[in-house]
Amino acid sequence: MVKLTMQRSQNQIATTYAPDKHFTFEGGVGACRSVPIARPDTSITRAEKNQIHEGVLEFIQNWLRRATVRLDPPVQNRQALDDQVFLDHDGKPGFDGARFEYCKPDRLAYRPDPLLLVCANCSLVHEVKLKELAHADGKFRNVAPCEDASDGVHEWRQLDVVFAHWSGRVDPLSPFRKDSDANGGINQQFPGRCAAGLKCAFKLHKGRSGKFRDWYFHCHCGEQRGLIQKDEYSLKWLHDRYVQDRSTLKEINMLPVSYRANSLYYVQSEQMISYESTEHIDLMADDKIEELTTRLLKLYDYPAQIADDGAIIEALQGVNQPAALDLAAKIEEAGKALATVEASGIQAAIEALKTSLAGYRQTAFDQGWIKGGPQPPAALSRQIRHRSQYARKFDPIRLGVEHETLRSEQLDVPVSKDAISPVVDLTSPDEDLQPSGDSAARLAELKKVILRKTELGFTELKLLRNLNMLQYSFGYSRVSATPTTMQKHMQMPVRLCGFPKIDGGKRPIYVLRQSNEALYIKLDEARVRTWLIDNGLGDDLQMEDGQKLGGRLIELYNDFGRFAETYSETTGRRERDVPVFVFGVLHTLSHQLIHACSKYSGLDLGSFGERIFPADLAFVIYRKGMTPDLGNIAAMWRNYGLEVLSALDHPRALRCGSGSLCDHRGGACPACIMIPEVSCVAGNNILSRAFLGGGPAMAWDTNSERIKGFFEI
C-alpha cells in the first residue's frame with residue numbers, strides 16, 4: 001500500500017482534520033479516518049490549563065442540560081456525554097485533567113476507512129480487514145471472480161457512504177444486521193437463504209433516484225436487505241425498553257450518510273482571551289468567597305462602613321477584655337438613651353448622643369476590636385454565594401474580575417510613543433497610527449476623533465496590538481453540532497464524544513495560541529445612568545455616594561442562561577432590568593463596531609469575536625483567526641478611523657437593510673447587526689438597534705414601552 005502524506009495548517013489539524021474525522025486525500029485518492037498521535041504541548045501554562053478546565057467543564061454541563069430536556073422517554077447521561085471521558089464514577093459531568101493530554105496540533109496519523117469495498121463492474125460488496133487491504137492488491141480469499149470482467153478481476157472501490165448515529169458511532173454499510181440477545185449482548189445476523197454454512201454474496205443496488213431509500217443489498221438466492229443498521233451503543237443503553245417496545249427502534253437505527261457530509265462530524269472547540277495570571281479563576285473557588293467579596297467591594301467603590309451597633313456590641317463582648325466590655329456597655333446604654341430621646345424630639349440631646357455613639361464606634365475600630373471598611377450589602381453577598389449556578393460567559397462577577405486582569409496585563413501597561421506600543425490610546429496615537437498629512441492636518445483629525453469619542457459616550461478607546469488568544473479542541477459530535485437533533489419526528493440526544501486515546505491512554509486536547517489585534521471601548525458611566533433612568537429603570541439605581549454602577553448591576557443580575565435563551569426573540573419572555581439593558585447596549589454597540597470594522601478593514605464578519613464586560617461598561621472586539629495577524633485593524637484605523645466612529649451612530653447604520661419589518665419589531669436580523677452565531681457571545685440574542693437609536697421594545701420584553709436609544713441622550 002502506498003503511504004500518502006498531506007500538509008495542513010495547525011488550525012486545520014485541530015478542527016477540520018481532528019481525530020475520528022473522515023477525509024479524502026487530494027484527487028479523491030481513498031477515504032481515511034484521522035488518528036491522534038501523542039504530541040505533548042510542553043509550553044502550556046497553569047493559567048491556560050485552568051482556563052481550559054473551566055471552559056470544558058461549563059461546556060459539558062450545559063451540553064448535558066440541553067441534551068436531557070426530553071422527559072418522555074427520559075434521556076440517560078451517557079446518551080449525552082461520553083461516559084469514558086466526560087462523566088465521573090457517579091455518572092455526573094466532570095473534567096478530570098488526568099484523563100487528558102494537552103497536545104500540539106502539528107501531526108496526525110490516519111487509517112483507511114470505511115473498509116467496505118464495491119466492485120465497479122459487478123457491484124459485489126466485500127468488507128475487508130486493514131491487514132488484508134494492505135497486502136492483497138485487490139485479490140481477496142473466498143471472493144468469487146468478477147462476473148462482468150473478462151479476466152475475472154474485481155475493480156474495487158471504497159463505498160463513500162457509512163452508517164452514522166447521534167451516539168457518535170460510525171459503521172460501514174453492511175447487509176449483516178446487528179441485534180441484541182436476551183442478555184443485552186450484541187450479535188450479528190449473517191446468512192440469508194444460501195446453503196447452510198455459507199454467507200450470501202451480496203451486491204449493492206443503488207437505484208436510479210440517487211436516494212438512499214432506493215439502495216439495497218441483494219443476493220442471487222433472493223435475499224434482499226435495505227440500508228438498515230442498529231447502533232451498538234443504543235442497543236446496550238436502551239435494551240430493557242427495546243425488548244418491551246419495538247418502537248424504540250427509531251432511537252436505535254442508524255442513518256446512511258456520505259462520509260463527505262458535514263453532518264458526519266462536528267468538532268467541538270472553544271476560543272478565549274488568554275491571561276498570564278490565574279487569579280481571576282482562583283477567586284471563583286468556593287473557599288475564596290471572602291477574598292472575592294473584598295475584591296468586588298474595592299473594584300466598584302463600595303463606601304466604607306462600620307457595622308451596626310448590635311454587631312459591634314457582640315464583637316466587643318467576644319474580645320473578653322475589661323475595656324472592651326465596658327465600651328460595649330456604654331454603646332448599649334447610649335443606644336437605649338438615643339431611642340428614648342428621639343421619641344421626645346429634643347434635637348440637642350439627639351445630636352449629643354449620636355456624637356457619643358460615633359466616638360465609641362471609632363474607639364472600637366481604633367483598638368482593632370471591630371473591622372472597618374466597606375461592608376457587603378446582602379444582595380451582593382447573595383449573588384456571590386449563588387454565582388456558581390450562572391453561565392460563566394455572562395456572569396458579571398467573573399467578568400468583572402477578568403476585566404481587572406485584562407487591565408493589569410494589557411490595558412494599563414506603560415505606553416511609549418514608538419511604533420510598537422502594545423496598547424494605543426486612539427485619541428493620542430503613536431507614530432504608526434497617526435493620520436496622514438502634515439502636523440496641522442493630523443491635529444485637526446485627532447480633534448475630530450476626540451469629539452466623536454465624546455459624542456458617542458466613550459471614555460476609553462484603545463487598540464490592543466497583541467491580545468493573546470487561546471483556542472482548544474476537545475471532542476466532537478455526529479449528526480448535529482448541538483446537543484439535540486430532530487430525527488423521525490422525535491428529539492434525540494446528541495452525544496458529546498472525546499477524541500480517541502493516544503499512547504498512554506489519555507485523550508488529546510489540541511491547543512492553539514495567537515496574538516491578534518483588538519479594539520477596547522469603555523462607556524461613560526454618567527451617560528449610562530441617565531439612559532437607564534430615561535428608560536424607567538431609575539428605581540433600581542439607588543446607591544451610596546461614590547459607588548460604581550457595576551456593583552449595583554451585579555446585585556440585580558438574574559442568570560441569562562448558557563445561550564441567553566430566555567431573551568430569544570421567538571421564545572423568550574423576561575422583564576427589562578438594569579443588567580439586561582446594560583448588556584444589550586454594550587452587545588449592540590459591539591456588533592455595530594464589528595460591522596463598521598468589517599466594511600473598512602476587509603475582514604469578514606465571521607473573522608471577529610467579542611467579549612462583553614457589563615459591570616465595567618466595556619467590551620472588546622478582536623480578530624479571532626488563528627493565523628498570523630496581518631494588521632488589518634491597525635491599517636483600518638490609520639486610514640479610516642474617523643469614518644469607523646462616524647458609522648456607529650449614522651442614521652443609515654441604525655436602520656435595517658431588509659425593510660421596515662425589522663425596524664418596527666424591535667429586534668435584529670442578518671441584514672442589520674447580526675453576525676455569525678459562532679462569533680456572537682450570546683447567539684444573537686439581547687441585540688437590537690433600539691438600544692442605540694431608539695425604537696420598539698423587543699419581543700421578549702414584558703414592558704412594551706418604547707426604548708430610548710443610548711445615542712438619543
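The sections below set out a description of the structure shown in this document. (Residues numbered from 1 in each chain as written. Predicted model: local features only at pLDDT ≥ 70, side-chain atom pairs only at ≥ 80, totals over all residues. Heavy atoms only, no water.)

**Notes on the overall build of the chain**
Here's step 1: Along its length, the chain carries 21 helices and 24 strands.
Here's step 2: Counting only C-alpha atoms and orienting by the principal axes, one finds that the chain spans roughly 120 × 70 × 50 Å.
Here's step 3: Across the 713 residues in the chain, those meeting the buried criterion constitute 49%.
Here's step 4: Within the chain, counting contacts between residues at least 6 apart in sequence, those at least 24 apart form 69% of the total.
Here's step 5: Split by element, the accessible area of the chain, about 33200 Å² in all, is 49% carbon and sulfur.
Here's step 6: In the chain, the 88 positive side-chain charges and the 91 negative ones have mean positions that sit 8 Å from each other. (Helix = DSSP H or I, 4+ residues; strand = E, 2+ residues; numbered from the N terminus. Buried < 20%, exposed > 50% of the residue type's maximum accessible area, 1.4 Å probe, protein only. Contact = heavy atoms within 4.5 Å. Areas by Shrake-Rupley, 256 points an atom, 1.4 Å probe, with all protein chains shown as cover. Lys, Arg positive; Asp, Glu negative; His and termini not counted. Charge placed at Lys NZ, Arg CZ, Asp CG, Glu CD.)

**Concerning a negative patch on the surface**
Here's step 1: A grouping of Asp286, Asp287, Glu290 and Glu291 is seen on the molecular surface, where their side chains present a negatively charged patch.
Here's step 2: Considering the arrangement of structural elements, one finds Glu290 in helix α9 (residues 289–299).
Here's step 3: Glu290 gets classed as exposed once you look at its relative accessible area, which sits at 58%. (Patch = residues over 30% accessible without salt bridge, like charges linked within 9 Å, V, L, I, M, F, W, Y side chains within 5 Å. Salt bridge = Lys/Arg side-chain N within 4 Å of Asp/Glu carboxyl O.)

**Describing the pattern of salt bridges**
Here's step 1: By the definition in use, this model includes 42 salt bridges.
Here's step 2: Between Asp412 and Arg407 there is a salt bridge whose closest N-O contact spans 3.1 Å.
Here's step 3: Here Glu555 ties to Arg552 by a salt bridge, and the two come within 2.8 Å at their closest N and O atoms. Highlighted residues: Glu555 and Arg552, both in helix α17 (residues 549–556), separated by 3 residues, approximately one helical turn.
Here's step 4: Note on Glu555: relative accessible area 11%, which makes it buried.
Here's step 5: Taking the relative accessible area as the measure of exposure, Arg552 reaches 17% and is therefore buried.
Here's step 6: One network of salt bridges, with partners in common, ties together Asp20, Arg33, Arg111 and Asp113.

**Some details on the pairing of strand β8 (residues 161–164)**
Here's step 1: The alternating pattern of β8 places Val161 and Phe163 and Val162 and Ala164 on opposite faces, both of which are buried.
Here's step 2: Between β8 and strand β9 (residues 170–172), which follow one another and run antiparallel, lie 5 residues, and Gly168 among them has a positive phi close to 100°. (Pairing = 2+ DSSP bridges.)

**Focus: empty space enclosed by the protein**
Here's step 1: Tallied over the full model, the rule gives 1 cavity of 30 Å³ or more.
Here's step 2: In this structure, the largest cavity encloses a volume near 50 Å³.
Here's step 3: The class makeup of the residues in the lining of the largest cavity is 3 nonpolar, 4 polar and 1 charged. (1 Å grid on protein atoms, 1.4 Å probe; cavity = no way out; pocket = protein on both sides within 12 Å on 5 of 7 lines; lining within 4 Å. Points joined across faces, edges and corners; volume = space filled by probe spheres on them. Nonpolar A, V, L, I, M, F, W, Y, C, P; charged D, E, K, R; others polar.)

**A short note on the packing of aromatic side chains**
Here's step 1: Applying the stated criterion across every chain, the model contains 30 aromatic pairs.
Here's step 2: Between Phe59 and Phe474, the ring centres sit 5.1 Å apart and the planes meet at 80°, which makes this aromatic pair edge-to-face. Of this pair, Phe59 sits in helix α2 (residues 46–67) while Phe474 sits in strand β18 (residues 458–477), placing them 415 residues apart in sequence. Residues Phe59 and Phe474 agree in their burial class; the two are buried. (Phe/Tyr/Trp six-rings, centres within 6.5 Å; stacked < 30°, edge-to-face > 60°.)

**What about the nonpolar core?**
Here's step 1: Grouped together as the largest cluster of nonpolar side chains are 81 residues, with contacts concentrated most on Leu296, Leu519, Leu523, Leu532 and Leu593.
Here's step 2: Examining the composition of this core, we find that 12 residues originate from one element, helix α18 (residues 578–601), more than from any other.
Here's step 3: Of all hydrophobic cores here, the second largest spans 37 residues; its members include Phe59, Trp63, Phe86 and Val479. (Core = buried A, V, L, I, M, F, W, Y, C linked by side-chain atoms within 4.5 Å.)

**Notes on the packing of helix α10 (residues 309–319) against helix α12 (residues 347–366)**
Here's step 1: The contact between α10 and α12 brings their axes to 11 Å, and the two run at 45°. Accordingly, the angle class assigned to the pair α10 and α12 is oblique. In the crossing of α10 with α12, the sense of the turn from one axis to the other is left-handed. Every residue of α12 that contacts α10 at Asp309, Ile312 and Leu316 is listed here: Leu357, Arg361 and Ala364.
Here's step 2: Grouping the constituent residues of the contact of α10 with α12 by class yields 4 nonpolar, no polar and 2 charged. (Axes fitted to C-alpha atoms, helices over the stretch in contact; angles between N-to-C directions. Parallel < 35°, antiparallel > 145°, perpendicular 65-115°, else oblique. Left-handed = near helix turned anticlockwise from the far one by under 90°.)

**Details of the sheet that holds β8**
Here's step 1: Strand order in the open sheet formed by 3 strands is β9-β8-β15, and the pairing between neighbours is antiparallel. The sheet terminates laterally at β9 and β15 (255–258), the two strands that pair on one side only. Going across the sheet, the axis of each strand differs from the next one's by a mean of 40°, ignoring polarity.
Here's step 2: Both β8 and β9 contribute to a ladder of 3 bridges, which runs antiparallel.

**A word on helix α19 (residues 632–648)**
Here's step 1: For α19, which comprises 17 residues, the first-to-last C-alpha distance of 19 Å sits more than 12% below the rise-based estimate of 24 Å (1.5 Å per residue).
Here's step 2: For α19, the set of buried residues is Ile633, Ala634, Met636, Trp637, Gly641, Leu642, Val644, Leu645 and Leu648. (Expected span 1.5 Å × (residues − 1).)

**As for unusual backbone geometry**
Here's step 1: The peptide bond linking Asp72 to Pro73 adopts the cis configuration, its omega dihedral lying at -5°.
Here's step 2: Along the chain, Asp113 connects to Pro114 via a cis peptide bond; the corresponding omega equals 5°.
Here's step 3: Mapping Pro114 onto the fold places it in the loop between β4 (109–112) and β5 (116–119).
Here's step 4: Of note, Val479 is a non-glycine position whose phi angle comes to about 75°, a positive value.
Here's step 5: With respect to the secondary-structure elements, Val479 resides in the loop between β18 and β19 (484–487).
Here's step 6: A positive phi angle is found at Leu617, which is not glycine, with a value near 55°.
Here's step 7: In this structure, Leu617 sits in the loop between β23 (608–613) and β24 (618–623).
Here's step 8: With a relative accessible area of 4%, Leu617 lands in the buried category.

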